[in-house]
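Residue-level listing of the chains:
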Amino acid sequence: MGCCGCGGEEDSVRQWKPLEQRSCTDVLWLLIFVLFCIGMAIICGFAIASGAAQRLVFGYDSYGNICGHKNTKIKDVAMSGLDHTDKKYVFFFEPCNWDIVHLKILSVALCVTKCPDMDLKTLEDVRRFAKNNGSHLCLYDLDPTQYTSKNLKSCPILPVKSSKPIPFFHRCVPMDSGCKINFKALTTFVSYNSVLQRVITGVMTSKEIIVGLCLMSLVLSILLMVIIRYISKVLVWILAILTIIGSIGGTAVLWWLYADHKKSLELDPSPDDVTADNVKALLVSAIIATVITVILLLLMLIMRKRVALTIALFHVAGKVFTYIPFLIFQSLWTFLALAFFWIYWIAVLLLLATAGYPQKKDQGYVEFKVSGPLQYTWIYHLVGLIWISEFILACQQMAIAGAVVTYYFTRDKNNLPATPILASMCRLIKYHLGTVAKGSFIITLIKIPRMILVYIHSQLKGKENACAKCMLKACMCCLWCLEKCLLYLNRNAYIATAINGTSFCTSAKDAIVILVENAMRVAAINTVGDFVLFLGKLLIVLVTGFVGIILLNYQRDYTVWVLPLIIICLFAFFVSHCFLSIYEMVVDVLFLCFAIDCKHNDGSPGREYYMDKSLMEFMDESRKAMRSVTGSGAEMKSMASGSGNA
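Cut-offs and rules
- Residues numbered from 1 in each chain as written.
- Predicted model: local features only at pLDDT ≥ 70, side-chain atom pairs only at ≥ 80, totals over all residues.
- Heavy atoms only, no water.
- Patch = residues over 30% accessible without salt bridge, like charges linked within 9 Å, V, L, I, M, F, W, Y side chains within 5 Å.
- Areas by Shrake-Rupley, 256 points an atom, 1.4 Å probe, with all protein chains shown as cover.
- Salt bridge = Lys/Arg side-chain N within 4 Å of Asp/Glu carboxyl O.
- Helix = DSSP H or I, 4+ residues; strand = E, 2+ residues; numbered from the N terminus.
- Buried < 20%, exposed > 50% of the residue type's maximum accessible area, 1.4 Å probe, protein only.
- Axes fitted to C-alpha atoms, helices over the stretch in contact; angles between N-to-C directions.
- Parallel < 35°, antiparallel > 145°, perpendicular 65-115°, else oblique.
- Left-handed = near helix turned anticlockwise from the far one by under 90°.
- Contact = heavy atoms within 4.5 Å.
- Nonpolar A, V, L, I, M, F, W, Y, C, P; charged D, E, K, R; others polar.
- Disulfide = S-S within 2.5 Å.
- Polar contact = N/O pair within 3.5 Å; in protein donor to acceptor, adjacent residues only side chain to side chain.
- Core = buried A, V, L, I, M, F, W, Y, C linked by side-chain atoms within 4.5 Å.
- Pairing = 2+ DSSP bridges.
- Arc of directions from axis to C-beta.
- pLDDT = per-residue confidence, 0-100.
- Phe/Tyr/Trp six-rings, centres within 6.5 Å; stacked < 30°, edge-to-face > 60°.

## Section: a nonpolar patch on the surface
Part 1 of the argument: Together, Phe326, Phe329, Leu332, Trp333, Phe335, Leu336, Phe571 and Phe574 make up an exposed nonpolar region whose accessible area comes to about 780 Å².
Part 2 of the argument: Elements supplying a minimum of two residues to the nonpolar patch: helix H10 (330-354) and helix H16 (562-600).
Part 3 of the argument: On the secondary structure map, Phe571 appears in helix H16.
Part 4 of the argument: Phe571 gets classed as partly exposed once you look at its relative accessible area, which sits at 35%.

Here is the structure:
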């Protein structure tokens, strides 16, 4: 029996026939996904059709008139329908009057010819500015000669700060607004010791170093991929030794810098805030680095013996990248696709924020609101963000799986397609988009409740009792664990689909069977393999961060360089993760192919192995080890039997 429309494929015993049979899988789910995407397009079309695009880009005044356009009359709104062809900028009476909850300005807005390019302290200055520039900053029904104290409420709050328009969005924004946002923590952070200014100064001063070290992390990631290809047999030990040296060395350097900075602070009769901040930051960084180093050393001590199969798979994975070099760039295409979709999603979200129909408020002002079921379109739009993002990531996994499966199950590697990754993408588009859509939807179903719980927890922070707080955290933790398990299962289901061309449910069931049968090997691969790749990522971060510490240390006198260092390390980890996650996927595909190969072939004529020579050697060594263990066991039994007879 299948599940969710997957029936009709299962046999009592799966007959794996890699790359031989192929048909469309999970067509119903592909149809559902296409309909969902059409719904996303309809939401975008609605936002544009309701005039939201023009209102977002050109801005509009408090009477519903779009700036820079000739407008149509709105019923019962006296100041609507004005010709603002020559008034292209939105000017706010109170630019600091923000509704933080609904993310909108509560101030009166007018369309003006020119933003005030100087501070206007009195109504006389406002009147003079209108006369000289033709830009009226008071309500439309007032002539500049009427800009008097009698009509003070019809004019902007004084003083009017000098402003300039935002590029592409035509809003007048004061260059020095002096806005006071009612966030106690933010106010404290900004006002005391000018910490924010020094941090921003540190980033701007170190921008060349930040860019250079980010490029360095990219080069190191590519270099590590090359190293994995040619010295995979000693890679584990090299990474382990370098990581030990890097972690211990980095920790020692941090403690040395802390002692050096502290000594300078104690000797300085009048220390400044920058030096004190650096000393505190270095102390915290050194403590964290020490804890991480101790944990790493313990983990490496535990994992040291489970490396044989991992090394063999890493060696074969290196060969895969030789035959399929375009695998390296797969993360780039995925990143570009995600970036394009996220930009589209944010643009539509902004359109939805300004979409709707005009509704008259007090004092004759207009507000655009969406009523009825359309006001919940943002929920649909949010689900689309999660589902389509997961769909794009799943397409990457399926494309990589298809290319590696083609490599593994092709006996003569010289007969591979010219571009296996492109052939895999074509196969994905032609047959398996429904499977990818279904797998990504399952992850979406888990992510949404977890996001809801996180939101509830953030809203109730400080209000819930201890029991409710514990239950919320437990639920979030369970959903997080379930999500990680499903992500791993989905990945192996995609691999099974790439091998045998079956639907998602069938592939997931077959993958579970194979993984359970090889539970010990799976544990070794997932612990040692993932840990080794994590060490690779960590090594790149350590090297980049170490160089960053040395370079940024020369700026200790005039900048706080903790934030630049954090930016550098985060970017280094992101880049290394993008590259090495592909390697991780390749190793997982090779392992599942290896397990299936071992299960259905034995090396006899007609049932020859597909596996690489290095994996063959691993199998032979494993068999010899098993035979020696079996022989020793039989010997022990015979000795025990002889002693019993005696």
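## Re the packing of helix H1 (residues 27-49) against H10
Part 1 of the argument: Where H1 contacts H10, the two axes come as close as 9 Å, and the packing angle between them is 45 degrees. Our classification of the angle between H1 and H10 gives oblique. At the point where H1 passes H10, the crossing takes the left-handed sense. Residues Met40, Ala41, Ile43, Cys44, Ala47 and Ile48 of H1 lie in contact with H10, whose contacting residues are Phe341, Tyr344, Trp345, Val348, Leu351 and Leu352.
Part 2 of the argument: Looking at side-chain class alone, the contact of H1 with H10 contains twelve nonpolar, no polar and no charged residues.

## Quick word on the state of the cysteines
Part 1 of the argument: If you walk through the whole model with that rule in mind, you get three disulfides.
Part 2 of the argument: A sulfur-sulfur separation of 1.9 Å characterises the disulfide bridge that pairs Cys115 with Cys172. When the S-S torsion is -80 degrees, as for the bridge of Cys115 with Cys172, the disulfide is left-handed. Taken as a pair, Cys115 in the loop between strand E4 (109-112) and helix H3 (123-133) and Cys172 in strand E6 (residues 172-174) lie far apart in primary sequence, 57 residues in all.
Part 3 of the argument: We classify Cys172 as buried; its relative accessible area is 5%.
Part 4 of the argument: Note that Cys138 is cross-linked by a disulfide to Cys155, the S-S spacing being 2.0 Å. Classification of the bridge connecting Cys138 and Cys155 rests on its S-S torsion, roughly 110 degrees, and on that basis the disulfide is right-handed. Remark: Cys155 occurs in the loop between H3 and strand E5 (163-165) and Cys138 occurs in the loop between H3 and E5; sequence separation between them is 17 residues.

## A short note on the side chain of Asn71
Part 1 of the argument: As for its placement among the helices and strands, Asn71 is situated in the loop between helix H2 (52-58) and strand E1 (89-92).
Part 2 of the argument: Of the polar contacts made by the side chain of Asn71, one reaches the backbone oxygen of Leu82; its length is 3.0 Å.
Part 3 of the argument: Setting aside anything within four residues of it in sequence, one finds Asn71 in contact with Gly64, Asn65, Ile66, Gly81, Leu82 and His84.

## A short note on the pattern of salt bridges
Part 1 of the argument: Following the criterion strictly, the structure yields ten salt bridges and no others.
Part 2 of the argument: Taking the shortest distance from any N to any O, the salt bridge between Arg127 and Glu124 comes out at 2.3 Å. Separated by three residues within a single helix, Arg127 and Glu124 lie in helix H3, roughly one turn from each other.
Part 3 of the argument: Judged by relative accessible area, Arg127 falls into the partly exposed class, the value being 25%.
Part 4 of the argument: Its salt-bridge partner being Arg491, residue Asp588 comes within 3.0 Å of it at the nearest N-O pair.

## Some points on unusual backbone geometry
Part 1 of the argument: Put simply, Leu158 and Pro159 share a cis peptide bond, and its omega is -5 degrees.
Part 2 of the argument: Mapping Pro159 onto the fold places it in the loop between H3 and E5.
Part 3 of the argument: For Asp26, which is not a glycine, the phi torsion comes out positive at approximately 50 degrees.
Part 4 of the argument: When you line up the elements, Asp26 lands in the segment before H1.
Part 5 of the argument: The residue Asp76 is not glycine, and still its phi comes out positive at about 70 degrees.
Part 6 of the argument: When you line up the elements, Asp76 lands in the loop between H2 and E1.
Part 7 of the argument: Given a relative accessible area of 55%, Asp76 falls into the exposed group.

## Considering the nonpolar core
Soluble globular proteins: nonpolar side chains tend toward being buried together.
Part 1 of the argument: The biggest cluster of nonpolar side chains holds 73 residues, and the ones touching the most others in it are Leu327, Val586 and Leu590.
Part 2 of the argument: Considering each element in turn, this core owes the most residues, 17 residues, to H16.
Part 3 of the argument: For Leu590, the residues in contact, after removing those within four places along its chain, are Leu313, Val316, Ala317, Val320, Val404 and Tyr408.

## Some details on the pairing of E4
Side-chain direction in a regular strand flips from residue to residue, so the side chains alternate between the two faces of the sheet.
Part 1 of the argument: Here E4 shows a buried face lined by Ala109 and Cys111 and a second buried face lined by Leu110 and Val112.
Part 2 of the argument: Note that E1 and E4 share four bridges and pair antiparallel. Across the sheet, Phe91 pairs through a bridge with Leu110, a residue of E4.

## Describing the pairing of strand E8 (residues 366-369)
Part 1 of the argument: In this sheet, E8 lies alongside strand E7 (residues 357-360) in antiparallel orientation, the contact comprising four bridges. Along E8, the bridge assignment pairs Tyr357 with Lys369.
Part 2 of the argument: Where E7 folds back onto E8 in an antiparallel hairpin, the turn is made up of five residues, including Gln363, whose phi is positive at roughly 65 degrees.

## Structural notes on the environment of Thr322
Part 1 of the argument: Within the secondary structure, Thr322 is located in helix H9 (residues 308-323).
Part 2 of the argument: A residue is classified by how much of its surface remains accessible, and Thr322, at 43% relative accessible area, is partly exposed.
Part 3 of the argument: Sequence separation between Thr322 and Val226 is 96 residues, and the spatial gap between their C-alpha atoms is 9.6 Å.

## Comments concerning the side chain of Glu483
Part 1 of the argument: Along the chain, the position of Glu483 falls in helix H13 (residues 466-500).
Part 2 of the argument: Glu483 sits in the buried class, given a relative accessible area of 3%.
Part 3 of the argument: Looking at Glu483, its side chain comes within polar contact range of the side chain of Lys447, at 2.7 Å.
Part 4 of the argument: Among all residues touching Glu483, those that are not within four sequence positions of it are Ile443, Ile446, Lys447 and Arg450.

## Digging into H3
Turn by turn, an α-helix covers 3.6 residues, leaving residues three or four places apart pointing in a common direction.
Part 1 of the argument: Of the positions making up H3, those classed as buried are Leu123, Val126, Phe129 and Ala130. Taken down its axis, H3 places every buried residue within 120 degrees of arc, on the same side. In this structure, H3 carries Lys131 and Asn132 as exposed residues pointing more than 90 degrees from its buried face.
Part 2 of the argument: Backbone geometry just downstream of H3 places Gly134 in the positive-phi region, at approximately 70 degrees.

## Some points on the confidence of the model for the protein
Atomic detail in the predicted coordinates should be set aside for any region of low pLDDT.
Part 1 of the argument: Across the protein, pLDDT averages 76, with 75% of residues at or above 70.
Part 2 of the argument: Note on residues 180-197: pLDDT under 50 across the span, and eight contacts to partners over four residues away in sequence or across chains.

## Concerning the packing of aromatic side chains
Part 1 of the argument: Evaluated as defined, the whole model comprises 17 aromatic pairs.
Part 2 of the argument: Plain terms: the ring middles of Trp255 and Tyr258 are 6.0 Å apart, the flat faces sit at 80 degrees to each other, and that makes the pair edge-to-face. With a gap of three residues between them, Trp255 and Tyr258 both fall in helix H7 (residues 232-267), about one helical turn apart.
Part 3 of the argument: Under the relative-accessibility criterion, Tyr258 is labelled buried at 14%.
Part 4 of the argument: Relative to Phe504, the ring of Tyr494 has its centre 6.3 Å away and its plane inclined at 55 degrees; by these criteria the two rings are tilted. On the criterion of sequence distance, the pair formed by Tyr494 in helix H13 and Phe504 in helix H14 (residues 504-517) is long-range, its members being ten residues apart.
Part 5 of the argument: Residue classification places Tyr494 among the buried positions, given a relative accessible area of 1%.
Part 6 of the argument: Looking at Phe504, the relative accessible area reads 5%, which means it is buried.
Part 7 of the argument: Chaining the aromatic ring pairs together yields one cluster made of Trp29, Phe33, Phe36, Tyr380, Trp387, Phe391 and Phe441.

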